[in-house]
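Below, each chain spelled out in residue letters.
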Amino acid sequence: MHIPDGFIDGPTSLAGGVAAVGLVAASARKAAEGLEDRRVPLAGLTAAFIFAMQMLNFPVANGTSGHLLGGCLAAILVGPWIGSLSMTVVFIVQALVFADGGLSALGLNIILMGFVPCFGGYAVFALLRKILPDTRQAVAGASAVSAWTGVVMAAVVFTAYYAIGGTGDASVTAVGGAVIGVHLLIGIGEAVITGLTVSAVLASRPDLVYGAASMYEQQQPVARPAQAVR
Amino acid sequence: MKRLTNTSRFVIAGLVVALAFAFFVSPYASSSPDGLEKVSQQEGFDSTARDHALADGPLADYSARGIDNEGLSTGLAGVAGVALCFGLGAGLVLIVRRLRPTAAAPT
């Protein structure tokens, strides 16, 4: 879903760049509050894992492929603030080192595939967590559904970019319908990978899943000394 | 080995998984255009894309320059990307940690 240079006009791309800088700064400030030391390597791991998974394009209908975006997964694992920073690192590395995603479109891409699923998808996840029970299956299910929603939200945001600054001749309705349509399918892959990953982390280290923290809330204040003894 | 007992061990295990996906699985990824690329072709605006300014870089398009074996080239590019993302991701958050507000800090 990486936007190359040229799809979206200069002013819109520039505005996206400015907005992305502001969002990254805001995330950094929020992430700094109460940041535990152990989250530092986890932020790196999240970026590394999502980079690897984004390389794995899976086939969807008619000679089209899709790949994980991972924003919602990142938000569930390390929280939306740190998660959006991890996602930003992935898009910068992809654009600068792998020539994937236009340089002028970097800000647009960071918002589209990073902030939109990190915050939009995570909002859905948080809502589902309020309704569903505190079980591993329920958390994994909520992760899958919110990951799908995050991808569809990103497709809607791309449509908005195209409406504002698209350089192509095709109509916004045609492009929007097609982009959203194909991402309804790609989102299924996102849901499966996100659900399985969250489920696997919950099985090995449930305390590291930010989005499931309320399940372990009671242990939090005394977690450090207690764990050291164990 | 089901329950890992400390965070560094978890991080190392996670990195091994990410490296394995990047090295062994990525050569088998679908090379079909992704959703957005396909739509741009169908709707006739793919021609508006400009060439990437860094398209000649040593790891551009996820292939390591100078490695003839395609699968190996992709796999090595993947490993480099995983390492870079881990280092920069952890590095960025390490810097962010320095911003951690002290008691007197304004909001």
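Quick caveat, the model's predicted, so the values are computed rather than measured.

**Describing the overall build of chain B**
- Summing up its helical and strand segments, chain B has three helices and zero strands in all.
- Along chain B, helices and strands appear, N-terminal first, in the series α-α-α.
- For chain B, with 107 residues in total, the buried portion stands at 26%.

**Digging into the overall build of chain A**
- Helix and strand counts for chain A stand at eight helices and two strands.
- Its helices and strands in sequence order give chain A the pattern α-α-β-β-α-α-α-α-α-α, from N to C terminus.
- Taken against the 2.2 N^0.38 rule, which gives 17 Å for 230 residues, the C-alpha radius of gyration of chain A at 18 Å falls within 12% of a compact globule.
- Seen along its three principal axes, the alpha-carbon backbone of chain A occupies a region of about 65 × 35 × 30 Å.
- Evaluated residue by residue, chain A yields a buried proportion of 60% over its 230 residues.
- Here the contacts in chain A between residues at least 6 apart in sequence split such that 75% fall between residues at least 24 apart.

**Quick notes on unusual backbone geometry**
Residue and element names in this part refer to chain A.
- One non-glycine residue, Asn 62, lies in positive phi territory at about 35 degrees.
- At Ala 99, a residue that is not glycine, the phi angle is positive and equals roughly 50 degrees.
- Mapped onto the elements, Ala 99 comes out in the loop between helix H4 (80-97) and helix H5 (106-131).

**Topic: the nonpolar core**
- Core analysis: the biggest nonpolar cluster contains 102 residues, and Ala 47, Ala 48, Leu 85 and Ala 154 of chain A together with Cys 85 of chain B have the highest contact counts within it.
- No other element matches the 14 residues that helix H6 (residues 136-165) of chain A contributes to this core.
- Beyond its immediate sequence surroundings of up to four residues, Leu 85 of chain A is in contact with Val 24, Ser 27, Ala 28, Ala 31 and Ala 43 of chain A together with Leu 92, Val 93 and Val 96 of chain B.

**A few points about the interface of chain A and chain B**
- Listed per partner, the contact involves 63 residues of chain A and 58 residues of chain B.
- For the side of chain A that touches chain B, the elements supplying multiple residues, two or more each, are helix H1 (10-32), helix H2 (39-54), strand S1 (58-60), strand S2 (64-66), H4 and helix H7 (172-204) of chain A.
- It is H2 of chain A that provides the largest number of residues to the side of chain A that touches chain B, a total of 14 residues.
- Here the residues of the side of chain A that touches chain B sort into 41 nonpolar, 15 polar and seven charged.

**Here we look at the environment of Gly 107 of chain A**
Residues and elements named next belong to chain A.
- Secondary-structure assignment places Gly 107 in helix H5.
- Gly 107 sits 105 residues away from Ala 212 along the chain, and the two C-alpha atoms are 30 Å apart.
- Not counting residues within four places of it along the chain, the set of residues in contact with Gly 107 comprises Ser 13, Gly 16, Gly 17, Ala 19 and Ala 20.

**Some points on the confidence of the model for chain B**
- Per-chain confidence: chain B averages 90 in pLDDT, with 89% of residues scoring 70 or above.
- Scoring of the predicted complex yields 0.92 for pTM and 0.91 for ipTM.

**Side note on the packing of H4 of chain A against H5 of chain A**
All names here are of chain A.
- Between H4 and H5, the least distance of the axes is 9 Å, while the angle of their chain directions is 155 degrees. One finds that H4 runs roughly antiparallel with respect to H5. In this structure, the crossing between H4 and H5 has a hand that is right-handed. Two secondary-structure elements touch here, H4 through Pro 80, Gly 83, Ser 84, Met 87, Thr 88, Phe 91, Ile 92 and Ala 95 and H5 through Leu 106, Asn 109, Ile 110, Met 113, Gly 114, Phe 115, Cys 118, Phe 119 and Tyr 122.
- Considered class by class, the residues forming the contact of H4 with H5 number 12 nonpolar, five polar and no charged.

**Considerations on helix H2 (residues 35-42) of chain B**
- Turning to H2 of chain B, its buried residues number three or more, namely Gly 35, Leu 36, Lys 38, Val 39 and Ser 40 of chain B.
- Contact partners of the buried residues in H2 of chain B: S2, H6 and H7 of chain A.
- Positive backbone phi, at 70 degrees, marks Gly 44 of chain B, one or two positions downstream of H2 of chain B.

**Quick notes on the packing of helix H3 (residues 71-78) of chain A against H6 of chain A**
All names here are of chain A.
- With their axes 8 Å apart at the nearest point, H3 and H6 run at an angle of 135 degrees to one another. As far as their axial angle goes, H6 and H3 are oblique. Where H3 approaches H6, its residues Gly 71, Cys 72, Leu 73 and Ile 76 are matched on the opposing element by Ser 143, Ser 146, Ala 147 and Gly 150.
- Along the lines of polarity and charge, the residues of the contact of H3 with H6 split into four nonpolar, four polar and no charged.

**Digging into the confidence of the model for chain A**
Residues and elements named next belong to chain A.
- Here chain A averages 93 in pLDDT, while 94% of its residues score no lower than 70.
- Below a pLDDT of 50 lies the segment residues 218-224, which in the model reaches one contact outside its immediate sequence neighbourhood of four places, other chains included.
- Throughout residues 226-230 the model reports pLDDT below 50, and contacts reaching past four residues in sequence, or to other chains, amount to one contact.

**Some thoughts on H4 of chain A**
All names here are of chain A.
- If you check H4, its first and last C-alpha atoms are 25 Å apart, about what 18 residues at 1.5 Å a residue would give, namely 26 Å.
- Extensive coverage of H4 is indicated by the burial of 16 of its 18 residues.
- With its phi angle positive at about 50 degrees, Ala 99 sits one or two positions after the end of H4.

Conventions and cut-offs
- Residues numbered from 1 in each chain as written.
- Chains lettered and ligands numbered in written order.
- Predicted model: local features only at pLDDT ≥ 70, side-chain atom pairs only at ≥ 80, totals over all residues.
- Helix = DSSP H or I, 4+ residues; strand = E, 2+ residues; numbered from the N terminus.
- Buried ≥ 20, exposed ≤ 12 C-beta atoms within 10 Å, placed from the backbone.
- Rg over C-alpha atoms; globule rule 2.2 N^0.38 Å.
- Contact = placed C-beta atoms within 7 Å.
- Core = buried A, V, L, I, M, F, W, Y, C linked by C-beta atoms within 7 Å.
- Nonpolar A, V, L, I, M, F, W, Y, C, P; charged D, E, K, R; others polar.
- pLDDT = per-residue confidence, 0-100.
- Axes fitted to C-alpha atoms, helices over the stretch in contact; angles between N-to-C directions.
- Parallel < 35°, antiparallel > 145°, perpendicular 65-115°, else oblique.
- Left-handed = near helix turned anticlockwise from the far one by under 90°.
- Expected span 1.5 Å × (residues − 1).

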